[in-house]
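These are the residues of each chain, in order.
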Amino acid sequence: MTLLDLWLSRSIPMCLLLQSLVLMALCFPSASMCPKGCICQRDPHLHGLNVTCSQARLKEIPSLPVDTVLLRLDHNQIGAVPDQAFHGLRLLRELNLSYNAVETLGEGAFSGIEATLQVLDLSHNRITSVHKDAFARLKARVIVDDNPWHCDCALQQAIGGMAHNHEASARVLCRSSELRDQEGRPFLAVDTDLCNLAKRTTDYAMLVTMFGWFAMVISYVVYYVRQNQEDARRHLEYLKSLPSKPKKPDEADDISTVV
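In this text, all values refer to a predicted model and were calculated from it rather than measured experimentally.

A.B. asks: Is there a simple way to think about a nonpolar patch on the surface in this case?
C.D. replies: Residues Val 217, Tyr 220, Val 221, Tyr 223, Tyr 224 and Val 225 make up a contiguous nonpolar surface patch of about 630 Å² in total accessible area. The topology assignment puts Tyr 223 in helix H4 (residues 194–241).

See below:
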């Protein structure tokens, strides 16, 4: 056996080993990429990762692999969705955030995934309010039922901007509302433009405030005038109460001489 044959005999197993490692790296994500407490599985049909973090006792959204396609974060203790929390997940199609403790959503909560996201589940949280543009660019079907919603202008604008706003608004119940008679009723039952209502309320409050200031100014002017009149009256009475000045003897002599 020549040296060349010996080298080739040893190189072939090494090549096979390298090929196996490459295939394993492609088929299975590395442990460092997958968040702690989560399960990451590569789905060949979706050309990305199926990341499951259900019941992982998460209190915040973890760092995620960039090729995440399906993401389950349900049944955790996540209390907030920061702006651009999912930025960079350009393949993300489904996001499940149900059964968490999210209370509000900002304008950029879903920034970067608007074009690809198809399903967004936010049900069974503690959401009371959202930014009016929180869902503006989303094309996904949004599930928002079972939240203690406060039905106001921002929510009306946010739901109105959803691609599937009718389905979403049909599941929204007003825990509280700008209109007291709407509390506990479906959001679809609110046939009032809450934004104009808020504007009218603000205008009314400004009018009341201006009237209050005007009344204070008038009251001060009246008080000032009356106080001056009272001071003038007292001064006049004081002058009247003073004794008359007696005439001097020389002034009486001058008068008799003239006569």
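So that's the structure; there's more coming.
A.B. asks: Which parts of the structure should I look at to understand the pattern of salt bridges?
C.D. replies: Evaluation of the coordinates by the stated rule reveals three salt bridges. For Asp 67, the salt bridge is made with Arg 42, and the minimal N-O distance between the two is 3.0 Å. With Asp 67 in the loop between strand E2 (48–52) and strand E3 (68–72) and Arg 42 in strand E1 (residues 39–43), this pair connects stretches of sequence that are 25 residues apart. For Arg 42, a relative accessible area of 30% gives the class partly exposed. For the salt bridge of Lys 132 with Asp 133, the shortest nitrogen-to-oxygen distance reads 3.1 Å. With a relative accessible area of 38%, Lys 132 lands in the partly exposed category. With relative accessibility at 24%, the residue Asp 133 sits in the partly exposed group.

A.B. asks: Even after reading the chapter, I still don't get the environment of Glu 60, so can you show me in this structure?
C.D. replies: Tracing the chain through its elements places Glu 60 in the loop between E2 and E3. Residue Glu 60 is classed as exposed on the basis of its relative accessible area, which comes to 61%. In this structure the C-alpha to C-alpha distance between Glu 60 and Gly 79, which are 19 residues apart in sequence, comes to 6.8 Å.

A.B. asks: Looking at this structure, I do not really get the packing of aromatic side chains. What am I missing?
C.D. replies: When we look at a pair of aromatic rings, we describe it by the centre distance and by the angle of the planes. According to the stated counting rule, one finds two aromatic pairs in the structure shown. Consider the rings of Phe 86 and Phe 110, whose centres lie 6.4 Å apart with planes at 5°: the pair is stacked. One end of the pair, Phe 86, is in the loop between E3 and strand E4 (94–96); the other, Phe 110, is in the loop between strand E5 (104–105) and strand E6 (119–121), with 24 residues separating them in the sequence. Both residues of the pair, Phe 86 and Phe 110, count as buried.

Definitions and cut-offs
Residues numbered from 1 in each chain as written. Predicted model: local features only at pLDDT ≥ 70, side-chain atom pairs only at ≥ 80, totals over all residues. Heavy atoms only, no water. Patch = residues over 30% accessible without salt bridge, like charges linked within 9 Å, V, L, I, M, F, W, Y side chains within 5 Å. Areas by Shrake-Rupley, 256 points an atom, 1.4 Å probe, with all protein chains shown as cover. Salt bridge = Lys/Arg side-chain N within 4 Å of Asp/Glu carboxyl O. Helix = DSSP H or I, 4+ residues; strand = E, 2+ residues; numbered from the N terminus. Buried < 20%, exposed > 50% of the residue type's maximum accessible area, 1.4 Å probe, protein only. Phe/Tyr/Trp six-rings, centres within 6.5 Å; stacked < 30°, edge-to-face > 60°.

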